[in-house]
Each structure stands twice: as structure tokens, then as C-alpha cells.
Amino acid sequence: NLRDATAHRSLSLFSQSSFDKGNDDLECITIALCHFKSKGSVSAGEGNQDAGDGAGNNNAIRLLASQAVAEWLKGNPTGVDCPNVMIMGDLNAYFKEDPVQYFLNNGY
């Protein structure tokens, strides 16, 4: 959950929804700006040691952060019902790593 991810200093998060007032359809987008735990120092817990697979340290805690962000976004954190969501920032993960793949496999 979000509390667990932030307790491990894995996650900084900000979101905002915006409308295009020049568009008759009033399209909106919610942007979630994230910063996940780096690959530097190792966090306590299973799965955070470098497994030699290219993900580096803290893959498990970054995956937890991805799961927490996805769950948080489902709760409509900005109070605006907006189907368009962009997750951006420093996820400290490449395209094929678990945190990014979690987002992709869950509709983001």
C-alpha cells in the first residue's frame, strides 16, 4: 500500500488533473509524478538485493511502489473523474523491469 511504500522511502508522489478548455470535449489528463527508490543503497527486505538480472538493488521495493501508485490512482486522488492517466518521473527502472511492466500490465 501507499503507506508501506513511503515508509521505505521508496516513493515520492504528486498528481494533478488538467482540462483542455479550448477543446469542446473538455478532455482531461491526470498526471502522476513519481520518484522511486534508487538502485544505490540496499533497502531491507526480500528481493531488494541485486539479483544480477539488470534490475539492480531495490527492485522489490520499486515494484511495491508501482503497485501502491496504481492502487492510489484507482481511488481518484485528484477528485476529477478522468480516464487519461500519465505516470512520469524517475521510476529508477527501465522498460523491461518489474515496476514499469507492472504499470503496463495494468493499463497504464
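See the structure printed just above.
Residues numbered from 1 in each chain as written. Predicted model: local features only at pLDDT ≥ 70, side-chain atom pairs only at ≥ 80, totals over all residues. Heavy atoms only, no water.

Peer 1: Residues and numbers for the pattern of salt bridges, please.
Peer 2: If you walk through the whole model with that rule in mind, you get two salt bridges. In this structure, Lys-39 and Glu-97 form a salt bridge, with 2.9 Å as the shortest nitrogen-oxygen distance. Separated by 58 residues along the polypeptide, Lys-39 in the loop between strand E2 (28-36) and helix H2 (59-74) and Glu-97 in the loop between strand E3 (85-90) and helix H3 (98-105) bring together distant segments of the chain. Note on Glu-97: relative accessible area 8%, which makes it buried. Notably, a salt bridge pairs Glu-97 with Arg-62, separated by 3.7 Å at the nearest N-O pair. Placement of Glu-97 in the loop between E3 and H3 and of Arg-62 in helix H2 is noted, with a sequence separation of 35 residues between them. For Arg-62, a relative accessible area of 0% corresponds to the buried category. Taken together, the salt bridges that share partners define one network made up of Lys-39, Arg-62 and Glu-97. (Salt bridge = Lys/Arg side-chain N within 4 Å of Asp/Glu carboxyl O. Helix = DSSP H or I, 4+ residues; strand = E, 2+ residues; numbered from the N terminus. Buried < 20%, exposed > 50% of the residue type's maximum accessible area, 1.4 Å probe, protein only.)

Peer 1: Explain the packing of H2 against H3 to me, using residue names and the numbers behind them.
Peer 2: One way to put it is that H2 packs onto H3 with a least axis distance of 8 Å and a crossing angle of 25 degrees. When the interaxial angle is binned, H2 and H3 end up roughly parallel. Between H2 and H3 the crossing geometry is right-handed. Facing H2, whose interface residues are Asn-59, Arg-62, Leu-63, Ser-66, Gln-67, Val-69 and Ala-70, H3 presents Asp-98, Pro-99, Tyr-102 and Phe-103. Residues that form the contact of H2 with H3 fall into these classes: six nonpolar, three polar and two charged. (Axes fitted to C-alpha atoms, helices over the stretch in contact; angles between N-to-C directions. Parallel < 35°, antiparallel > 145°, perpendicular 65-115°, else oblique. Left-handed = near helix turned anticlockwise from the far one by under 90°. Contact = heavy atoms within 4.5 Å. Nonpolar A, V, L, I, M, F, W, Y, C, P; charged D, E, K, R; others polar.)

Peer 1: Can you explain the pairing of E2? Please cite residues and give values.
Peer 2: Burial along E2 is one-sided: Cys-28, Thr-30, Ala-32, Cys-34 and Phe-36 are buried, and none of Ile-29, Ile-31, Leu-33 and His-35, which face the opposite way, are. When E2 meets E3, the two strands line up parallel, connected through six bridges. Each bridged residue has a counterpart across the sheet, and for Thr-30 the counterpart in E3 is Val-85. In this view, the connection linking E2 to its parallel neighbour E3 by way of H2 has right-handed handedness. (Pairing = 2+ DSSP bridges. Right-handed = clockwise from strand over helix to strand, strands pointing away.)

Peer 1: Requested: an account of a nonpolar patch on the surface, with residues and values cited.
Peer 2: Where nonpolar side chains cluster on the molecular surface, the patch consists of Phe-14, Ile-31, Leu-33, Met-86 and Met-88 and spans about 430 Å² of accessible area. Breaking the nonpolar patch down by element, the ones donating at least two residues are E2 and E3. Looking at the secondary structure, you find Ile-31 in strand E2. The partly exposed category is assigned to Ile-31, whose relative accessible area is 31%. (Patch = residues over 30% accessible without salt bridge, like charges linked within 9 Å, V, L, I, M, F, W, Y side chains within 5 Å. Areas by Shrake-Rupley, 256 points an atom, 1.4 Å probe, with all protein chains shown as cover.)

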